[in-house]
Amino acid sequence: MNLTPPASAPIAAKHLASDTHHGITRTDDYAWLRDQNWRDAMRDPAALSPDIRAYLEAENDYTDAALAPLGDLRETLFAEMKGRIKEEDASVPSPDGPFAYYLRYAQGSQHPIFCRLDTEGSEQVLLDCNKEAEGEAYFRIGEVDHAPMHDLVAWTADRKGSEYFTIRVRDAATGKDLADEVPDTSGDIAWDANGKSFLYVHVDEEHRPLKVFRHIVGTHAKDDTLVYEEEDHGFYVGVGKTQSGRFLLIDIHDHQTSELRLIPAGAPATPPRLVAAREHGVEYDIEHDEDRERFLILTNVDGAEDFKLMEAPVAAPERANWRDFVPHRPGTLVLAHVAYRNHHARLERRDGLSRIVIRRLGDGAEHEIGFDEEAYDLNLSSGYEYNTTRTRFAYNSMTTPSEVYDYDMESRARTLRKRQEVPSGHNPADYVTRRIFAKAGDGELVPVSLLYRKTTKLDGSAPCLLYGYGSYGISIPASFSVTALSLVDRGFVYAIAHIRGGKEKGYRWYSDGKLLKKRNTFTDFIAAGEHLAKEGLTSRGRIVCHGGSAGGMLMGAVANMAPDLFNGIIAEVPFVDVMATMLDASLPLTPPEWHEWGNPIEDEDAYKYMASYSPYDNVRAQSYPHIFALGGLTDPRVTYWEPAKWAAKLRALRTDANLTLLRINMEAGHGGAPGRFERLKEVALVYSFALAVSDSI
């Protein structure tokens, strides 16, 4: 099906703006789309300037008109995706003393219901998010955390999409909220050992999480005690707790440096104690081995590129006292760890595949939990308890729905607790999952995970959706997707390119895709697309690529660099206006992001390199694939004007008749629609676009 552009597209006015850095002048015709009142609009969408609102609504109307012929298809896709979800479902209860905590969904509900079981197996509803969301244009639950005495529940919610979370405290016995209300937080909570107070992070007017406060239950938020304030606006601050429950953690970090401070959970008024002072490029986090009075530290210190584990006494955790616990093994990236009373579990990745290693703390004996498929996703869940031999993990692959196991670390018994149900039916034998490798221009081999039906012809005729991200060291899992099946069942090859900028092949895979090596991310993705075509899995010009946020930047970059390789591009909340954002230190996340992209204000080389790939700045007069950009008005991470400016410039300069579509959710932020079914409608929208531009309807 060929989509026909409506008769007239919105044409954004041009108002020339410019800035000069390092003697280089940069011009921008669409800078006016950034509302001078954007901070207020983020908190209250009604505050958006009328002229900008009118333009964005015109773009939304244009997109609705262009995609109107796909209405029936969207409804069909939504019904399929919804049919693969068990509507009345629940997580596996997680034990914590006299209760086991879990969440469940009711038939037809958009939001979770948080519950617990007592020792008799009776359910108590702690928080029904559907009731909290009634009458709200937007509602997203943040953290729901019960106090150690099980009498109170702290919960956080964002009601605008701007990621300003308000904390409330609920009496578990009555189900009623107390008078406590703490606004403008990151959503993190860390209860003290007695459940009388908790730590939280305040988010300021620039949306920066820099201050940790302690709130005493029953008092007013204005009386909360400042516990820690970070002076460097290039760092983020978070709060947490060790698995032992003995220590509250204040985590200060950017993308490559970290620092921890500790507070005894039983004495929460104690000033925070520094573990080890920050060193540029050194990351660490800790767990507590209570019986041996030591900390177990995951770190990349001493050149341990793929991280190692070290130990230090609780009484003297300073850097000088760190000793190897599990030495560095190049090529084996340690991703996460958790310490229980008698065991230590770590999640690590080698050759792109994850595994769990269990170590007995008494004698150091280790064993591995292994898996057989070529490509899969594995997650370790620590649970609430410390004095236990049980840990939990979830396993799935692109063909295998999620399976949750309890694992006894001493006996090695593996107990299946839940297998994801697909109510409409799913036979893994009908599908193929593979991992292939594309050769990049410098000889590096880029892993690509594949999913397709066994009946799909691999003669180049199949369309392909190629997904990518490639930033912040985030690895995209080869996981089961109830949504991707709707493409695969229509003859698509679904592919994930595990490109540099992630950590799929170790930490070096990340460092080779950031700063002055960022272009590797884009060329790896292009190499993946070319390899898929060469192998007959698709053809050049039959690929729709898809990415969001930093992955949306990837979409913009490859659109400029290899437009004839793709026939469609889906860019969700795309970080495409890289130069303008990184040159503006007043924006919420700019200073912390300089460690990922470079600081073009201070560094001329960073400026020139960034200017060479910044998607918005490199839009030029040439043919482009069909492009569909989506954003959120209250998004504090990728502000709405980035996709808006990009779409305006693309439409003005492209030399072909292909579509440029922009959709701004006027009532949501970075995560899009918050309800589980509303989100499926967004996926159905972009997948209908992919099917249409691929003539696969």
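Worth saying up front: this structure is predicted, and the values here are computed from it rather than measured.

Moving on: the packing of helix 2 (residues 50-67) against helix 12 (residues 641-653). Each pair of packed helices can be described by the angle between their axes along with the distance between the axes. Direction vectors running N to C along helix 2 and helix 12 enclose 65 degrees, while the axes themselves pass 12 Å from each other. When the axes of helix 2 and helix 12 are compared, the crossing they make is left-handed. Between helix 2, through Y55, L56, E59 and Y62, and helix 12, the contact on the second element is made entirely by A644, A648 and R651. For the contact of helix 2 with helix 12, a count of residues per class yields five nonpolar, no polar and two charged.

Time to look at the nonpolar core. Counting residues in each nonpolar core, the largest one holds 121 residues, and the members touching the most others are L56, Y494 and F525. With 12 residues, helix 13 (residues 676-693) is the single largest residue contributor to this core. In contact with Y494, other than residues within four places in its own chain, are M398, S449, L450, L451, L465, Y467, A484, V488 and Y687. V275, A276, V282 and I286 belong to the second largest nonpolar core, which has 16 residues in total.

As a further point, take unusual backbone geometry. At R412, a position not held by glycine, the phi torsion is positive, near 70 degrees. Of the residues examined, R412 reaches a relative accessible area of 48% and is grouped as partly exposed.

In a regular helix each residue adds 1.5 Å, so 13 residues correspond to 18 Å; helix 12 covers 18 Å between its end C-alpha atoms and thus fits that length. The element helix 12 is extensively covered by neighbouring structure, given that 11 of its 13 residues are classed as buried. Of the residues making up helix 12, those classed as buried are W641, E642, P643, A644, K645, W646, A647, A648, K649, L650 and R651.

Here the focus is the pattern of salt bridges. Taken as a whole and judged by the stated rule, the model has 65 salt bridges. Between R168 and E181 there is a salt bridge, and its shortest N-O distance comes to 3.4 Å. Linking R168 in strand 10 (residues 165-171) with E181 in strand 11 (residues 177-185), this pair joins segments that are 13 residues apart in sequence. You can call R168 partly exposed: its relative accessible area is 22%. Bridged by salt links that share partners, the residues R329, R346, E348, R355, R359, E366 and E368 form one connected network.

Each value, and the rule that gives it
- Residues numbered from 1 in each chain as written.
- Predicted model: local features only at pLDDT ≥ 70, side-chain atom pairs only at ≥ 80, totals over all residues.
- Heavy atoms only, no water.
- Axes fitted to C-alpha atoms, helices over the stretch in contact; angles between N-to-C directions.
- Helix = DSSP H or I, 4+ residues; strand = E, 2+ residues; numbered from the N terminus.
- Left-handed = near helix turned anticlockwise from the far one by under 90°.
- Contact = heavy atoms within 4.5 Å.
- Nonpolar A, V, L, I, M, F, W, Y, C, P; charged D, E, K, R; others polar.
- Core = buried A, V, L, I, M, F, W, Y, C linked by side-chain atoms within 4.5 Å.
- Buried < 20%, exposed > 50% of the residue type's maximum accessible area, 1.4 Å probe, protein only.
- Expected span 1.5 Å × (residues − 1).
- Salt bridge = Lys/Arg side-chain N within 4 Å of Asp/Glu carboxyl O.

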